[in-house]
Amino acid sequence: MPGQPAVTAVPATPVVRERSIYIDVLRAAAILRVYLNHTLWIGWLTVLYPSMSIMFALGGALAASSVDRRGTSSMVRSRLRRLLVPLWALAAVAVPLLLMHGWRP
């Protein structure tokens, strides 16, 4: 219509979240510690750097930030989709193999 300003579509810019270098360093150190413990059998390394508790804390922090970012139902749905499909695939292979080898439930 004449006299009205033209409306132009502006593409939405995605929100880019910065990665936390602190979380990345803690995660890398914990993975390295687990790798060294399993390859070199260094038991005393657990006292120096308890990687399992740090990995649990990091997982909780990342899950909480995911809930804050997307909401609970979206986060749970994406986790179920990502985790249950491989679990069902494993069960589809493992259960027949167990039954063939004499496993009786």
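All values derive from a computational prediction rather than experimental measurement.

Caption draft 1: Layout of the UniProt feature "transmembrane region" (unreviewed entry) in the chain. According to UniProt, the positions carrying the feature "transmembrane region" (unreviewed entry) are residues 41–63 and 83–103. Note that residues 41–63 is 74% helix and 0% strand, and that its end C-alpha atoms are spaced 31 Å apart. Secondary structure within residues 83–103 divides into 86% helix and 0% strand; the distance between the first and last C-alpha atoms comes to 26 Å.

Caption draft 2: Broad picture of helix α4 (residues 72–100). Its 29 residues give α4 an end-to-end C-alpha distance of 41 Å, which sits within 8% of 42 Å, the value for a rise of 1.5 Å per residue. Of the residues trailing α4, Gly 102 is marked for its positive phi of about 95°.

Caption draft 3: How the structure looks around a positive patch on the surface. Residues Arg 69, Arg 70, Arg 77, Arg 81 and Arg 82 make up a contiguous surface patch of positive charge. Looking at the positive patch, the elements with two or more residues in it are α3 (51–70) and α4. The element contributing the most residues to the positive patch is α4, with 3 residues. You can see Arg 81 is positioned in helix α4. The class of Arg 81 is exposed, set by a relative accessible area of 59%.

Cut-offs used in this document
Residues numbered from 1 in each chain as written. Predicted model: local features only at pLDDT ≥ 70, side-chain atom pairs only at ≥ 80, totals over all residues. Heavy atoms only, no water. UniProt positions renumbered as here; feature names shortened; annotations may be inferred. Helix = DSSP H or I, 4+ residues; strand = E, 2+ residues; numbered from the N terminus. Expected span 1.5 Å × (residues − 1). Patch = residues over 30% accessible without salt bridge, like charges linked within 9 Å, V, L, I, M, F, W, Y side chains within 5 Å. Areas by Shrake-Rupley, 256 points an atom, 1.4 Å probe, with all protein chains shown as cover. Salt bridge = Lys/Arg side-chain N within 4 Å of Asp/Glu carboxyl O. Lys, Arg positive; Asp, Glu negative; His and termini not counted. Charge placed at Lys NZ, Arg CZ, Asp CG, Glu CD. Buried < 20%, exposed > 50% of the residue type's maximum accessible area, 1.4 Å probe, protein only.

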